[in-house]
Amino acid sequence: MKIQLKHRPDLPTQGELNKISNLVILLPERASTAPWPAFPFKETIKNRLKQNDYKLNSKTTMCADLPNETGTRLSLSSVGPDLSTFELLRLARRHADIHLAQNPRHVTIIMPGVRQRALRHRAAEALLSAFLGGAAPMPSCKSKPGAGKRLRSLTCHGLDERFDFRRVEAECAGNALARELTALPPNRLTPLMYRQRIRKLCREQGWKMRFLNHKALEKLNAGAFLAVAQGSPERDAGMVCVSYTPTRGKNRKPLTLVGKGICYDTGGVNLKPARHMHGMHEDMQGSAVALGALLALSRMKVPFPVHCWLALAQNHIGPRAYKQNDVVTACNGTTIEVMHTDAEGRMVLADTLALAARDKPALMIDYATLTGACIYALSTRYSGAFTNQAHYIQPLIEAGRASGERVWPFPLDGDFEEALESKIADIKQCTLDGEADHILAARFLQRFAGKAPWIHIDLSAGNHKGGLAHIPTDYTGFGVRLTLNLLLDQKIME
Ligand SMILES: [Zn+2]
């Protein structure tokens, strides 16, 4: 169900306000000491603050009901220009939580006295994203489903025509798609079901789809991918390539997005213990983020082609499953000594990156829930960023800061690869001691990305307990906002 986003330049009148069920108020910082701007019910709210000895700032959010006939539920904070996007998104989520708990049809946002246009627009972007993120329906398998989400419109006062509603909608739709797919239980999103879902999306969005099945991958000598896929009793694994072609700019070099889509990761022969296997249906989140980013970019009608390569498989145990000490050959001829069957992500990505790079993309970005080492290094608040282009490092940090999906870069110096020297093959898949595994994984992948300008995002922030920034679910869909910022604001492809 579509939620309408509207804007009005002026404040609502007292009469209009009396009919509003849910109201968000943002005031400028220091409004508690400075004279307050005029707006309806100002004195009532001021008294309420005083009675409760309430300090108005960006860290807290007051919740109250107005003494009018509707009993308007209001939430109130103050905002200042120094707030980071991450903090703004967190603030926005507190407001969204207050109102969405009432399941309203309509929410109104006002920002009286917030004079800087840039701050008004940033705050509105954060609030609309938090409401859309909180209202997005997520999968539920309860036999008695709860009440559906009723939110139909959001009106933001104090914006002008230059506010980009399309961007907000595109990012939120991309994030919601990524999260919805990630949340699906593993028996409801097998590689086959995933592919059917993607086919439906392609029909809706006008994208082209190609599928490389086992047979096609055998012909291409994609031995690293197939090593992982061969453990599954069903032969439903494969690579999906979805393409968006713009009406203008179709001859430009493409942007290529690559995603790890392990629909279930048991760890393989090196089986995970229960505590670590729980939640491993989320090991396909990289592919879901790639698809979400594609959806957002195609809704933004970006003027360059986008290819999205998804490595869909499961990592199973079984008589045919690959094992330690196996040596397999990837499609670029590299021989790989298998060290640990739970490092399957880099195996499927190796062949996927190598095949995707054959399109000679202007930029290739891959997303993967790849290593525990990245979580140890950064926690689940940040994701790790790696690139073979030194001049991307600053824009990556800036895109993380500006989008609120924060990333931090890691080194990729050549001597790291000494740890991956193999006596029998060209390279080891990983080491068994695990030191700097996130860096070794990226070094390993770099061999397959070849000469393409390449960014690798290790999604350590793919699952953060209690949600992250404006996102209320544990699974975050992290990466869609970051990607749009990299391309549309940092203009990294230009
Ligand atoms: Zn694994």
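Residues numbered from 1 in each chain as written. Predicted model: local features only at pLDDT ≥ 70, side-chain atom pairs only at ≥ 80, totals over all residues.

K.L.:
How would you explain the sheet that holds strand β15 (residues 407–409) if you had to name every residue and give the values?
P.N.:
On the basis of which strands lie adjacent, the open sheet formed by eight strands has the order β7-β8-β10-β9-β13-β17-β14-β15 and mixed pairing. At either end of the open sheet lies a strand with only one pairing partner, and these are β7 (208–212) and β15. In this sheet, adjacent strand axes meet at a mean angle of 20 degrees when their direction is disregarded. Relative to strand β17 (residues 454–458), strand β13 (residues 363–368) is paired through five bridges, and the arrangement is parallel. Its bridge partner lying in β17, M364 is registered against W454. Contacting β8 (238–244), β9 (255–265), β10 (306–315) and β13, helix α11 (residues 344–356) crosses the sheet at an angle of about 150 degrees to β9. Relative to the sheet, helix α14 (residues 437–449) contacts β13, β14 (383–387) and β17, its axis offset from that of β17 by approximately 145 degrees. (Pairing = 2+ DSSP bridges. Helix = DSSP H or I, 4+ residues; strand = E, 2+ residues; numbered from the N terminus. Axes fitted to C-alpha atoms, helices over the stretch in contact; angles between N-to-C directions. Contact = placed C-beta atoms within 7 Å.)

K.L.:
Describe the nonpolar core, naming the residues involved and giving the relevant values.
P.N.:
Counting 157 residues, the largest nonpolar core has A123, L127, F131, F225, A290, L294 and L353 as its most contacted members. Looking at which element gives the most residues to this core, the answer is helix α4 (residues 117–135), with 10 residues. Each of domain 1 (4–163) and domain 2 (169–489) contributes no fewer than three residues to this core. Among all residues touching L353, those that are not within four sequence positions of it are V258, D366, L445, F448 and A449. (Core = buried A, V, L, I, M, F, W, Y, C linked by C-beta atoms within 7 Å. Buried ≥ 20, exposed ≤ 12 C-beta atoms within 10 Å, placed from the backbone. Domains from an automatic or database assignment.)

K.L.:
If you had to explain the sheet that holds strand β12 (residues 335–337) to someone new, which residues and values would you point to?
P.N.:
Neighbouring strands of a sheet are bound in pairs by backbone hydrogen bonds; such pairs are parallel or else antiparallel. The strand order across the open sheet formed by three strands is β11-β12-β16, and the pairing between neighbours is mixed. The two strands at the open ends of the sheet, each matched to only one other strand, are β11 (327–329) and β16 (427–428). As paired elements, β12 and β16 share two bridges and run parallel to each other. Residue pairing across strands places I336 opposite I427, the latter belonging to β16.

K.L.:
Give me the packing of helix α13 (residues 393–403) against helix α15 (residues 480–489): which residues, what numbers.
P.N.:
Two elements in contact, α13 and α15, have axes separated by 9 Å at closest approach and are oriented at 120 degrees. In terms of orientation, α13 lies oblique with respect to α15. As α13 packs across α15, the resulting crossing turns out to be right-handed. Mapping the contact onto sequence places P395, A399, G400, A402 and S403 in α13 and R481, L482, N485, L486 and D489 in α15. In terms of residue class, the contact of α13 with α15 is made up of five nonpolar, three polar and two charged. (Parallel < 35°, antiparallel > 145°, perpendicular 65-115°, else oblique. Left-handed = near helix turned anticlockwise from the far one by under 90°. Nonpolar A, V, L, I, M, F, W, Y, C, P; charged D, E, K, R; others polar.)

K.L.:
Please provide a residue-by-residue account of the domain arrangement of the protein chain, values included.
P.N.:
According to the domain assignment, the protein chain contains domain 1 (4–163) and domain 2 (169–489). Of note, the centres of domain 1 and domain 2, computed from C-alpha atoms alone, are 37 Å apart. Contacts between the two partners involve 19 residues from domain 1 and, on the opposite side, 20 residues from domain 2. For the side of domain 1 that touches domain 2, the secondary-structure elements that each account for two or more residues are α3 (85–100) and α4. The greatest single-element share of the side of domain 1 that touches domain 2, amounting to seven residues, is contributed by α3. When the residues that make up the side of domain 1 that touches domain 2 are grouped by side-chain class, the tally is 11 nonpolar, five polar and three charged.

K.L.:
Talk me through the pairing of β14; I want residue IDs and the actual numbers.
P.N.:
Of all five residues making up β14, five are buried, and the element is well covered by its neighbours. Alternating positions in β14 separate into two faces, S383, A385 and T387 on one and G384 and F386 on the other, with burial throughout. The parallel pair β14 and β15 is bridged by α13, and the resulting crossover is right-handed. Relative to β17, β14 runs antiparallel, the two being bridged by four bridges. Paired with T387 across the bridge in β17 is I455. (Right-handed = clockwise from strand over helix to strand, strands pointing away.)

K.L.:
Just give me the short version of the environment of F86, but keep the residues and values in it.
P.N.:
Examined against the element boundaries, F86 turns out to sit in helix α3. Among the residues examined, F86 registers 20 C-beta atoms within 10 Å and is labelled buried. Residues F86 and A124, spaced 38 residues apart in sequence, show a C-alpha to C-alpha distance of 14 Å. Setting aside anything within four residues of it in sequence, one finds F86 in contact with G404, R406 and A469.

K.L.:
Quick one: what's the story with the environment of Q230, residue by residue and with numbers?
P.N.:
By the element assignment, Q230 lies in the loop between α8 (223–229) and β8. For the pair formed by Q230 and Q389, sequence separation is 159 residues and the distance between their alpha carbons is 35 Å. If near-sequence neighbours (up to four positions away) are discounted, Q230 is found in contact with R320, A321 and Y322.

K.L.:
Give a detailed account of the pairing of β8, specifying residues and quantitative values.
P.N.:
With five of seven residues buried, β8 lies mostly within the body of the structure. Where β7 lies against β8, five bridges are found, and the strand directions are antiparallel. Counterpart to F211 in the pairing with β8 is V240. Both β8 and β10 contribute to a ladder of seven bridges, which runs antiparallel. Bridge pairing in β10 places G238 opposite L312.

K.L.:
Let's hear about the packing of α4 against helix α5 (residues 165–183): which residues, and what values?
P.N.:
For the pair α4 and α5, interaxial distance at closest approach is 10 Å and the crossing angle is 35 degrees. Crossing handedness for the pair α4 and α5: right-handed. Only V168, E171, C172 and N175 of α5 make contact with α4, whose side of the interface consists of E125, L128, S129, L132 and G133. Taken together, the residues that form the contact of α4 with α5 break down as four nonpolar, three polar and two charged.

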